[in-house]
Amino acid sequence: MTATSVTPRSSNGFWAEFLRHPVPVAAAIAVVAIILLAVFAPLIAPQDPYDLASLVLRDARRAPGYIGQGGYIHILGTDSQGRDLFSAILYGLRISLQMGLLAGAIAFTIGALVGSAAAYVGGRFEALVMRLVDLQLSFPAILLAFVVAALLGQGKSQLIVALVFSQYAYFVRTAHGAAAAERNKDYVEAALSVPMSGWFVVTRHILPNALPPLIVVATVQVASAISLEATLSFLGVGLPPTEPSLGMLISTGFQYLLSGRYWISIYPGVALIILILAINIVGDQVRDQLNPRLKK
Amino acid sequence: MTAPLLEVTDLHTHFEARAGTVKSVDGISFHLERGEVLGLVGESGSGKSITGFSLIGLIDRPGRIVQGSIKLEGRELVDLSEGDLRKIRGREISMVFQDPMMTLNPVLTVLDQMTMALRAHERLSDAEARTRCVEALRQVRIVDPEQKVDFYPHQFSGGMRQRVAIAIALLHKPKVVIADEPTTALDVSVQAEILVEVKALVAELGISMIWISHDLATVASISKRIAVMKSGKIVETGPAADVLRAPTHPYTQLLLDALPSRAKPGQLLGAQAGENEAFQANDVKGASEPYPEFVTVKGAVKRFEWKSGFWGRIGERLGIVKPRKAVLAVNDVSLSIARGEALGLVGESGSGKSTLGRMVCGIYRPSEGEIRLAGAPVMLDSQQGRKLTTKVQMIFQDPFASLDPRRTIGQSIAEGPIAHGLTTRADARSYVAKWLEAVSLDPAVADRYPHQFSGGQRQRVAIARALAMRPEVIVCDEPVASLDVSIQAQILNLLLTLRKELGLTLLFISHDLSVVRHLCDRVVVMYRGKIVEEGTTEDIFRTPQDAYTRMLLEAIPRLV
Amino acid sequence: MIAFIVRRIWQAMLVMLVMSMLVFMGVFVIGNPVDVLISPDATQEIRQRVIEQYGLDLPVWQQYLQFMNSLLHGDLGRSFVYNMPVSELIASRLPATMELAVIAILLASVVGIPLGVYAGYKPDSWLSKAIMALSILGFSVPTFWIGLMLIMVFAVQFGIMPAGGRGDTITLFGVPWSFLTPNGLHHLALPALNLSLFKMSMMIRLSASGTREVMLTDTIKFARAAGIDEHTILRRHVLRLISIPLVTVFGLELGSTIAFAVVTETIYSWPGLGKLIIDSITSLDRPVMVAYLMLVSLLFITINLVVDLAYAVLDPRMRQGGGK
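Residues numbered from 1 in each chain as written. Chains lettered and ligands numbered in written order. Predicted model: local features only at pLDDT ≥ 70, side-chain atom pairs only at ≥ 80, totals over all residues.

Section: the overall build of chain A
Part 1 of the argument: For chain A, the count of helices and strands is eleven helices and two strands.
Part 2 of the argument: Its helices and strands in sequence order give chain A the pattern α-α-α-β-β-α-α-α-α-α-α-α-α, from N to C terminus.
Part 3 of the argument: Counting contacts in chain A only where the partners sit at least 6 residues apart, residues at least 24 apart contribute 68% of the total. (Helix = DSSP H or I, 4+ residues; strand = E, 2+ residues; numbered from the N terminus. Contact = placed C-beta atoms within 7 Å.)

Some details on the overall build of chain C
Part 1 of the argument: Assigned secondary structure in chain C consists of 14 helices and two strands.
Part 2 of the argument: Projected onto the principal axes, the alpha-carbon positions of chain C cover approximately 85 × 60 × 35 Å.
Part 3 of the argument: For chain C, the residues scored as buried account for 41% of the 324 residues in total.
Part 4 of the argument: A sequence separation of at least 24 residues applies to 71% of the contacts in chain C between residues at least 6 apart. (Buried ≥ 20, exposed ≤ 12 C-beta atoms within 10 Å, placed from the backbone.)

A word on the nonpolar core
Part 1 of the argument: Counting 331 residues, the largest nonpolar core has A145(A), V360(B), L507(B) and F508(B) as its most contacted members.
Part 2 of the argument: The element that contributes the greatest number of residues to this core is helix α9 (residues 198–235) of chain A, accounting for 19 residues. (Core = buried A, V, L, I, M, F, W, Y, C linked by C-beta atoms within 7 Å.)

Quick look at the environment of V22(B)
Residue and element names in this part refer to chain B.
Part 1 of the argument: Along the chain, the position of V22 falls in strand β2 (residues 20–32).
Part 2 of the argument: Overall, the presence of 17 C-beta atoms within 10 Å leaves V22 in the partly exposed class.
Part 3 of the argument: Sequence separation between V22 and G52 is 30 residues; the distance between their C-alpha atoms is 17 Å.
Part 4 of the argument: Discounting chain neighbours no more than four positions away, the residues touching V22 are H14, F15 and A17.

A look at the packing of α9(A) against helix α11 (residues 263–290) of chain A
All names here are of chain A.
Part 1 of the argument: Relative to each other, α9 and α11 sit at 160°, their axes nearing to 9 Å. The angle between α9 and α11 places the two elements in the roughly antiparallel class. In the packing of α9 onto α11, the handedness of the crossing is left-handed. Counted together, P212, P213, V216, T219, V220, V222, A223, I226, S227 and A230 of α9 and L272, L275, I276, I279, N280, V282, G283, V286, R287 and L290 of α11 form the full contact between these two elements.
Part 2 of the argument: Counted by class, the contact of α9 with α11 contains 15 nonpolar, four polar and one charged residues. (Axes fitted to C-alpha atoms, helices over the stretch in contact; angles between N-to-C directions. Parallel < 35°, antiparallel > 145°, perpendicular 65-115°, else oblique. Left-handed = near helix turned anticlockwise from the far one by under 90°. Nonpolar A, V, L, I, M, F, W, Y, C, P; charged D, E, K, R; others polar.)

Some words on the pairing of strand β20 (residues 530–536) of chain B
Residue and element names in this part refer to chain B.
Part 1 of the argument: Of the pairings in the sheet, the one linking strand β19 (residues 522–527) to β20 comprises six bridges and is antiparallel in character. The residue of β20 that forms the bridge with V523 is G535.
Part 2 of the argument: Between β19 and β20, which pair antiparallel in sequence order, lie two residues; one of them, R528, sits at a positive phi of approximately 50°. (Pairing = 2+ DSSP bridges.)

Let's talk about the sheet that holds β19(B)
The strands making up a sheet are joined through hydrogen bonds of the backbone, oriented either antiparallel or parallel.
Residue and element names in this part refer to chain B.
Part 1 of the argument: Across the sheet, which stays open at both edges, the six strands sit in the order β16-β17-β18-β13-β19-β20 with mixed pairing between neighbours. Where the open sheet ends on each side, the last strands, each with one partner, are β16 (392–395) and β20. For this sheet the average axis-to-axis angle between neighbouring strands, irrespective of direction, equals 20°.
Part 2 of the argument: Note: β16 against strand β17 (residues 473–477), four bridges, orientation parallel. Within the sheet, the bridge partner assigned to M394 lies in β17 and is V475.
Part 3 of the argument: Packed onto the sheet, helix α17 (residues 455–468) meets β16 and β17 and runs at close to 175° relative to β16.

Description of the pairing of strand β11 (residues 295–304) of chain B
All names here are of chain B.
Part 1 of the argument: Bridging between β11 and strand β12 (residues 327–337) involves seven bridges; their strand directions are antiparallel. Of the residues in β12, the one forming a bridge with R303 is L328.
Part 2 of the argument: Two strands pair when backbone bridges link them, and β11 and strand β14 (residues 368–373) are joined in this way by five bridges, in the antiparallel orientation. Directly across from V297, in β14, lies its bridge partner I371.

Some points on the interface of chain B and chain A
Part 1 of the argument: Between chain B and chain A, the residue contacts involve 30 residues of the former and 22 residues of the latter.
Part 2 of the argument: Going through the elements one at a time, β16 and α15 (409–419) of chain B are the ones with two or more residues in the side of chain B that touches chain A.
Part 3 of the argument: Counting residues per element, the side of chain B that touches chain A draws most heavily on α15(B), which supplies three residues.
Part 4 of the argument: Grouping the amino acids of the side of chain B that touches chain A by side-chain chemistry returns eleven nonpolar, eleven polar and eight charged.

What to know about the environment of R93(C)
All names here are of chain C.
Part 1 of the argument: If you trace the backbone, R93 turns up in helix α5 (residues 86–121).
Part 2 of the argument: When the 20 C-beta atoms within 10 Å are taken as the criterion, R93 is described as buried.
Part 3 of the argument: With sequence-adjacent residues up to four places away left out, R93 is seen in contact with P271, G272, L273 and L276.

What to know about unusual backbone geometry
Outside of glycine, negative phi angles account for most residues, and trans bonds account for most peptide bonds.
Part 1 of the argument: In this chain, V194(A) is followed by P195(A) through a cis amide linkage whose omega measures 5°.
Part 2 of the argument: Topologically, P195(A) is positioned in the loop between α8 (186–192) and α9.
Part 3 of the argument: Of the consecutive residues R61(B) and P62(B), the connecting peptide bond is found in the cis state with omega at 5°.
Part 4 of the argument: Within the element layout of this structure, P62(B) appears in the loop between α1 (48–56) and β4 (63–72).
Part 5 of the argument: The phi dihedral of D144(B) is positive, around 60°, even though this residue is not glycine.
Part 6 of the argument: Along the chain, D144(B) falls in the loop between α5 (126–139) and α6 (145–148).
Part 7 of the argument: A tally of 10 C-beta atoms within 10 Å means that D144(B) is categorised as exposed.

Describing the confidence of the model for chain C
Part 1 of the argument: Of all residues in chain C, 92% attain a pLDDT of 70 or more, and the chain-wide mean is 81.
Part 2 of the argument: With pTM at 0.83, the complex prediction returns an ipTM value of 0.84. (pLDDT = per-residue confidence, 0-100.)

Structural notes on the sheet that holds strand β5 (residues 75–76) of chain B
Residue and element names in this part refer to chain B.
Part 1 of the argument: With antiparallel pairing, the four strands of this open sheet are ordered in space as β2-β1-β4-β5. Each end of this open sheet is capped by a strand with a single partner; those strands are β2 and β5.
Part 2 of the argument: Pairing analysis gives ten bridges linking strand β1 (residues 6–17) to β2, with the strands arranged antiparallel. Counted as the bridge partner of E7 is H31 from β2.
Part 3 of the argument: Contacts between α1 and the sheet are confined to β1, β2 and β4, with β2 contributing the most and set at about 70° to the helix.

Some thoughts on the interface of chain B and chain C
Part 1 of the argument: If you look at the interface, chain B gives 30 residues, while chain C gives 27 residues.
Part 2 of the argument: For the side of chain B that touches chain C, the secondary-structure elements that each account for two or more residues are α2 (82–88), β6 (93–96), α3 (100–103), α4 (110–119) and α13 (310–318) of chain B.
Part 3 of the argument: Here the side of chain B that touches chain C is composed, by residue class, of 17 nonpolar, seven polar and six charged.

Some words on the packing of α9(A) against helix α10 (residues 246–257) of chain A
Residue and element names in this part refer to chain A.
Part 1 of the argument: In contact at an axis separation of 7 Å, α9 and α10 are set at 35° when each is read in the N-to-C sense. Between α9 and α10 lies a crossing of right-handed hand. Residues E229, A230, T231, S233 and F234 of α9 lie in contact with α10, whose contacting residues are L246, G247, M248, I250 and S251.
Part 2 of the argument: Partitioned by chemical class, the residues of the contact of α9 with α10 number five nonpolar, four polar and one charged.

Quick look at the confidence of the model for chain A
Part 1 of the argument: In the predicted model, chain A carries a mean pLDDT of 81, and the fraction of residues at 70 or more is 89%.
Part 2 of the argument: Low pLDDT, under 50, characterises residues 1–10 of chain A; the stretch is placed with 20 contacts to residues that sit more than four places away or in other chains.

A look at the environment of E341(B)
Residues and elements named next belong to chain B.
Part 1 of the argument: Within the fold, E341 resides in the loop between β12 and β13 (342–346).
Part 2 of the argument: Taking the C-alpha atoms as reference points, E341 and S351, ten residues apart in sequence, are found 23 Å from one another.
Part 3 of the argument: Here E341 is in contact with T505, D521 and R522, once residues within four sequence places are set aside.

In structure tokens, the structure reads:
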């Protein structure tokens with residue numbers, strides 16, 4: 001006599017449940033803090049790391065705590081060109097986040113549209129799209145991103161294309177799965193039997209209900225886009241040296257790692273990891289909360 | 001005087017949640033004699049299943065037995081360690097669950113699963129295990145057990161799977177078997193077979209049983225003694241015949257009054273004296289001139305086809321791949337409904353009754369044949385198949401699934417009428433309020449979301465949504481099948497009243513013959529996509545002509 | 001069942017054909033290999049001769065047909081850069097990548113699945129929480145970063161591990177292997193660990209969530225009601241039920257690791273396929289790129305096929321052609 005269908009909790013219940021878990025809450029706060037740091041980097045950073053005039057070679061490769069020519073403490077030390085590492089990391093975060101969020105947003109939009117359209121239209125179109133997506137998903141994202149990035153050359157927009165290309169398929173599949181599940185539910189049949197138009201049913205009924213799993217995928221994909229960008233930049237096919245993301249900072253600091261000047265490579269890495277980790281922890285908690293099969 | 005086989009005293013099982021403690025089982029006491037079947041009846045949330053799981057020591061966290069005693073042959077079970085409990089489970093007390101689709105492991109053969117259960121308590125060789133499993137399957141009347149023992153669960157029907165589950169529960173000849181709604185997920189005819197077999201097994205093996213169910217009739221047909229549960233307490237217990245004939249507790253009385261099988265057809269259920277007279281005297285308000293063939297279904301066929309892909313088709317050509325067979329859900333069905341009539345559409349699962357209902361409502365386009373309302377087709381006759389009329393609306397079985405969880409009920413009710421010009425965006429609120437009142441809901445709830453309502457309330461909302469389209473015909477697809485008896489009675493009363501007030505034409509789809517008998521003027525019986533019998537409700541129930549109809553009617557468990 | 005296999009192989013061949021076209025077209029649009037092949041101060045005459053020699057003046061479809069024709073004769077072409085047959089080039093690099101990938105995936109599965117099952121079985125214990133926390137960390141930290149840290153700690157700080165290279169190899173079936181010599185294993189340990197950490201996190205998370213969901217089902221409750229002990233339930237019921245997604249991931253990850261262990265290979269200067277493809281992309285070595293991408297496609301299509309067949313073995317419902 002128990003109803004088998006899943007009742008989504010109210011949005012209030014969702015946040016109340018989320019707030020009960022201290023680690024995800026801390027992670028969420030960290031994500032917000034990092035975004036704020038990145039957005040206001042020009043105001044917070046003691047130095048504009050791209051202003052070549054302010055770089056002094058004598059300050060290069062100094063350990064954390066060193067007071068340089070600028071008269072302020074380099075709390076995280078300086079890099080090989082005398083850049084304040086803390087400032088460089090803030091600006092690097094800006095670029096990394098920008099790449100991740102932009103690529104994520106574009107992939108999300110493409111995926112949501114194509115995926116739900118495939119689920120709604122059905123038939124051959126659905127079969128073709130999903131076959132293509134499955135084929136693409138069987139190749140590792142990093143391989144696709146690498147090939148596309150290498151083909152297109154360095155640059156911000158080229159990199160975003162590479163990231164979107166390697167990630168949109170995940171969104172298509174998730175959107176398709178969620179929308180296909182919704183399409184067969186009674187409330188969609190109920191709306192169609194009124195009859196309501198197909199457009200109305202897709203935009204007002206199916207999409208809003210298919211959105212939660214997409215959002216979870218989006219958080220994870222933004223994190224993995226940031227990680228991918230860093231990896232590509234590390235391999236030298238990502239951003240040009242004029243756009244030093246965190247990956248690039250790590251990569252250039254790598255050569256000094258073995259000579260004991262660990263901070264040039266380590267601190268950007270720590271910043272990168274905190275960012276990705278925080279996003280993943282939030283995404284993980286949200287996914288658990290949305291998983292109907294874990295509800296007793 | 002010897003002690004009873006199982007004695008439960010003052011049992012409390014609580015669930016500690018953040019919101020507070022839920023007292024699922026709140027101080028119950030009962031006993032079970034050797035060779036006896038005790039029926040435990042209650043509606044959802046009464047704590048009957050939790051009682052069963054408490055007995056076998058399988059309460060999921062955060063629930064636990066906080067107080068009381070369970071004695072099996074004088075041995076206390078409540079404080080036993082997990083290891084000791086495990087030794088009892090399956091060997092002394094075993095359990096059968098509701099849904100055999102969910103209980104058996106789909107990736108293991110029946111033999112594997114049974115052998116595991118055997119070896120939980122005995123050491124035996126593979127050959128011995130096989131012999132024992134075959135024997136156990138034969139005992140539950142599975143034909144050809146030597147072959148069937150190597151089957152996977154999906155190769156069995158629902159009733160067969162439940163037999164396998166029962167065979168597993170009986171492997172070690174336990175003293176007590178707890179059966180938790182074991183026939184609820186099955187068709188009536190299968191339920192009838194299982195009931196007969198279980199009765200025979202109880203007599204044959206001398207096992208004792210606790211039969212948990214929401215359905216008074218099945219419980220009454222299998223158990224000598226019953227206990228009625230409500231809100232974690234046993235409110236009444238006694239011999240089945242006495243409890244059903246002269247219940248002492250008002251709740252038992254209420255449950256009995258809610259049963260359509262005990263009321264006169266067409267009367268309000270559980271109504272006070274006088275109410276019904278007033279109801280009957282009230283004339284049909286919405287009555288309009290007669291229209292005998294108001295809804296017509298002519299030669300309707302619905303085929304669900306597996307579309308082969310390009311390579312699949314080539315494969316079929318070459319004979320490498322076998323084409324998948326199309327499923328004929330509805331096979332050449334013709335019927336008509338007069339204006340203002342209530343037609344019952346009866347059949348078991350797979351009979352095609354829901355598919356037919358969806359075609360009448362314009363959700364599915366018939367593969368062949370035509371469906372018309374007042375002479376005009378319900379759907380455009382093209383591949384895309386748009387529905388043309390708003391005069392047919394539908395009420396679905398599961399009110400938890402038929403309302404969009406992300407829209408307020410007001411939005412859900414208003415979207416259709418706004419789109420079809422029955423009201424305007426500006427007037428929508430008062431329009432919605434009117435229909436909420438019509439189904440006895442407070443209009444102030446329009447801004448709430450479906451999850452804030454109980455099942456019965458949601459079904460009222462779903463009815464209001466259908467009515468708000470001002471339909472002439474409503475297709476009701478098992479509208480009360482997922483509701484508790486008392487709620488079911490309220491919804492049936494509502495449908496009776498609305499039908500009268502609005503002069504509605506109903507196509508009422510149900511597997512429950514007593515509900516159909518109560519509500520409908522005429523009945524159509526479907527079996528495997530075809531109509532096997534058709535007639536007035538009176539005739540069908542008094543003098544069924546078709547063998548299948550007779551079998552269905554005989555399969556209904558009766559109260560005493 | 002046979003129809004199913006035939007259909008799948010049939011599909012796989014078609015996909016291979018489509019992939020070969022896509023790969024060839026894709027590679028064709030990048031850069032002009034002539035610039036790589038010939039020094040800028042070469043005479044126009046030499047230039048022309050080389051172009052003709054490699055057939056670079058032909059329209060793309062003719063080049064494709066030529067390529068397919070030689071492919072059918074087992075000839076993958078010659079590398080522009082190394083000036084040796086591509087097949088030999090790839091064959092010389094494949095074993096290094098293979099042993100690295102297989103060891104990494106085995107490590108990830110052998111460690112990851114039991115940890116994941118435990119974490120899913122007792123989700124509230126502190127050990128499970130620690131396992132899940134570590135798995136999120138392993139999931140989040142980029143592979144190249146872990147590689148750098150492993151080198152810094154074990155090679156630079158403690159000096160107990162080699163920082164790169166393959167170490168001693170021993171030849172078996174005409175192929176040099178590292179994992180058969182102690183020194184080779186020593187060299188293999190860090191890169192294999194590095195490569196496996198991400199996959200291990202994935203295995204943990206997958207088996208944990210699978211176990212958690214399965215543990216709440218009636219199947220498990222029914223098994224418990226029959227008195228079956230927890231160990232048997234985990235081993236027989238749970239592992240079988242969660243094995244299907246695990247097999248998929250195992251297959252795909254094995255493929256993706258063989259295809260692209262590039263990050264790890266770069267950091268540890270491991271002479272595998274990953275380094276080869278990176279170099280060939282940057283030097284526009286078209287034949288190597290085409291051959292490599294074709295090989296990768298073949299690898300994945302084969303793995304998909306094997307995984308599908310494994311489904312049929314693991315899930316009896318699939319054997320009856322879909323079932324219900």
